[in-house]
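Residue strings, one per chain:
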Amino acid sequence: MFDIENIVRQNIKSLKPYSSARDEFKGEAKVYLDANENSYGSPLPHAYNRYPDPLQHEVKAKLSSIKGVPAQNIFLGNGSDEAIDVLYRIVCEPGLDNVIICPPTYGMYEVSANINNVAIKRVNLLPSFDLDVEGILEAMDENSKMLFICSPNNPTGNSMHLDDIEVLLQKFKGIVVIDEAYINYARQHSTIRLLVDYANLVVLQTFSKAWGLAALRLGMAFASQDIIDYMNKVKPPYNVNLATQQLALQALDNIQWVNEHIRETVKSRNELVAALQAVKTVKHIYPTDANFILVKMDNAKQMYDYLVQQGTIVRDRSKVELCEGCLRITIGTTQENQTLIQQLQQL
Ligand SMILES: *Cc1c(COP(=O)(O)O)cnc(C)c1O
């Protein structure tokens, strides 16, 4: 049986978390003279002089009803990147522990490991871009504290098989992080529903993609209350600012906009795939469950440079193992996709 207590670092267990003014007095009062804030207000039309709710209760309450997850199983961070970093600091002893990542994948798992001086074991995806379940289990040792699975995966675009994910949840001894940044574009369901069965599961989602709020920096983690409590203990006290909390609340009331644009993105994705198939420098288009397409091209680097000259920036992934010769192209508006296709056809 997985118990987070068995893998939490000793210094984190014994950590006495920062106690803010808002932690020490929680009720309503007429006069607040406890946090050295500016009592006169802010030089802005709206007041930002008071520290925000450290645990973002209102945002979590709304998210809870949308996601069907109790608020105490939700962590909010300054982007999912903060959730990733906080997890490292909870369970990975620098210079001793390791994590398993499955390249080609999102770069932050590795950067965060390096910042925290945590060793990385790489178990590449199979040529089909599926998880190498056996390879992962062979690579695991008693210091393997986390396994990162990105589904749909960046930059390949495919979703990982749910049965592979479940096998890993059952057999991996540490935390299994499923990064679902692109889940809203996928045919596959979120693994959030597996939280009731697996105490070692952490699901990451973000406001940066389908919610269209990358600039606000708001990421979500869903996990057991034990894990969430440790994340809250370790995070900076006011990690999500008030403007972000207020704007996220407004956005959560406009889920219709999000759903409409998911549908539109998926439609454009199909159209872009069809158009790319007719471009003669395109060698292969990988199936995608995300808002981007991985495309193998003749002379990918040259094609990238040419597109830059034309004013269109895609992501050059041609030097990435298993993505040799590939560009990663985000789905744009219909107009932007047409521009891209025209530029590729002109060559
Ligand atoms: C874009 C992306 C994120 C989002 O990170 P934020 O810090 O929430 O903006 C997370 N994971 C993956 C795989 C991504 O591609």
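To be clear, the structure that these remarks concern was listed above.
What this report covers is the structure whose coordinates are included nearby. Just so it is clear, the structure is predicted and the values come from calculations on it, not from any experiment.

### Digging into the packing of aromatic side chains
Counted by the stated rule, this structure contains eight aromatic pairs. Arranged with centres 6.5 Å apart and planes meeting at 65°, the rings of F25 and Y32 form a pair that is edge-to-face. Taken together, the aromatic side chains of Y88, Y106, Y109 and F148 make up a single cluster linked through ring pairs. The ring of Y32 carries R22 above its face, with NZ or CZ at 5.0 Å from the centroid. Lying across the ring of F292, R328 places its NZ or CZ 5.6 Å from the centre.

### Considerations on the site of the ligand
If you check the shell around the ligand, you find 14 residues, and the closest are Y182, T206, S208, K209 and R217. Here an oxygen atom of the ligand sits 3.2 Å away from a polar atom, N or O, in the main chain of D81. At 2.6 Å, a side-chain N or O of Y182 approaches an oxygen atom of the ligand. When isolated, the ligand has an accessible area of 390 Å², and the protein chains bury 93% of it. Residue classes in the shell around the ligand are distributed as five nonpolar, five polar and four charged.

### A few points about helix α3 (residues 57–67)
Think of an α-helix as 3.6 residues a turn; residues three or four steps apart then line up on the same face. Considered for burial, the residues of α3 that qualify are V59, K60, L63 and S64. Looking straight down α3, one finds its buried side chains confined to an arc of 135°; they lie on one side. In α3, the exposed positions that point more than 90 degrees away from the buried face belong to E58 and S65. Elements in contact with the buried residues of α3: β1 (74–77), β7 (219–222), α8 (225–234) and α9 (242–252). At the exit of α3 stands G68, carrying a positive phi of roughly 70°.

### Regarding the nonpolar core
Formed by 53 residues in total, the largest nonpolar core has its most connected members in L131 and L147. A domain split of this core shows at least three residues from each of domain 1 (4–23 + 51–253) and domain 2 (256–345). Those residues in contact with L147 that lie beyond four places of it in its chain are I100, C102, I136, L168, F172, I175, V176 and V177.

### Some words on the sheet that holds strand β10 (residues 315–316)
Reading across the sheet, the four strands line up as β8-β9-β11-β10 and stay open at both edges, with antiparallel pairing between neighbours. Two strands in the sheet have a free side with no partner beyond their single neighbour: β8 (282–285) and β10. Relative to the sheet, helix α10 (residues 255–277) contacts β8, β9 (292–297) and β11 (326–330), its axis offset from that of β9 by approximately 10°.

### Points about the side chain of N98
In this structure, N98 sits in strand β2 (residues 98–101). Residue classification places N98 among the buried positions, given a relative accessible area of 4%. Looking at N98, its side chain comes within polar contact range of the side chain of D141, at 3.0 Å. Apart from the residues lying within four places of it in its own chain, the contact partners of N98 are V118, A119, K121, D141, N143, S144, K145 and M146.

### Observations regarding the pairing of strand β6 (residues 201–206)
The buried count for β6 comes to six of six residues, which makes it a mostly enclosed element. In β6, alternate side chains face the same way, and those of L201, V203 and Q205 on one face and V202, L204 and T206 on the other are all buried. Pairing geometry for strand β5 (residues 175–179) and β6, over four bridges, is parallel. Counted as the bridge partner of I178 is V203 from β6. Pairing analysis gives four bridges linking β6 to β7, with the strands arranged antiparallel. Looking at β7, one finds that Q205 is bridged to M220.

### Quick look at the sheet that holds β5
The strand order β1-β7-β6-β5-β4-β2-β3 describes an open sheet built from seven strands, whose pairing is mixed. Among the strands making up the open sheet, the edge pair consists of β1 and β3 (119–122). Neighbour to neighbour, the strand axes of the sheet diverge by 25° on average, direction disregarded. Sheet topology places β1 next to β7; four bridges connect them, and they run antiparallel. Within β7, the position partnered with L76 by the bridge is M220. Contacting β1, β6 and β7, α3 crosses the sheet at an angle of about 125° to β1. Its contacts with the sheet place helix α5 (residues 108–115) against β2, β3, β4 (144–150) and β5, and it is angled at close to 150° to β3.

### Some thoughts on the environment of L168
Turning to its location among the elements, L168 is positioned in helix α7 (residues 162–171). Owing to a relative accessible area of 0%, L168 belongs among the buried residues under this scheme.

### Quick word on the packing of α10 against helix α12 (residues 334–346)
It is at 11 Å that the axes of α10 and α12 come closest, and there the two elements cross at 10°. Looking at the two axes, α10 sits roughly parallel to α12. Here S268, L272, A275 and L276 of α10 come into contact with α12, specifically with T334, N337, L340, I341 and L344. In terms of residue class, the contact of α10 with α12 is built from six nonpolar, three polar and no charged.

Parameters at a glance
- Residues numbered from 1 in each chain as written.
- Predicted model: local features only at pLDDT ≥ 70, side-chain atom pairs only at ≥ 80, totals over all residues.
- Heavy atoms only, no water.
- Phe/Tyr/Trp six-rings, centres within 6.5 Å; stacked < 30°, edge-to-face > 60°.
- Lys NZ or Arg CZ within 6 Å of the ring centre and 35° of its normal.
- Near = heavy atom within 4 Å.
- Polar contact = N/O pair within 3.5 Å; in protein donor to acceptor, adjacent residues only side chain to side chain.
- Areas by Shrake-Rupley, 256 points an atom, 1.4 Å probe, with all protein chains shown as cover.
- Nonpolar A, V, L, I, M, F, W, Y, C, P; charged D, E, K, R; others polar.
- Buried < 20%, exposed > 50% of the residue type's maximum accessible area, 1.4 Å probe, protein only.
- Helix = DSSP H or I, 4+ residues; strand = E, 2+ residues; numbered from the N terminus.
- Arc of directions from axis to C-beta.
- Contact = heavy atoms within 4.5 Å.
- Core = buried A, V, L, I, M, F, W, Y, C linked by side-chain atoms within 4.5 Å.
- Domains from an automatic or database assignment.
- Pairing = 2+ DSSP bridges.
- Axes fitted to C-alpha atoms, helices over the stretch in contact; angles between N-to-C directions.
- Parallel < 35°, antiparallel > 145°, perpendicular 65-115°, else oblique.

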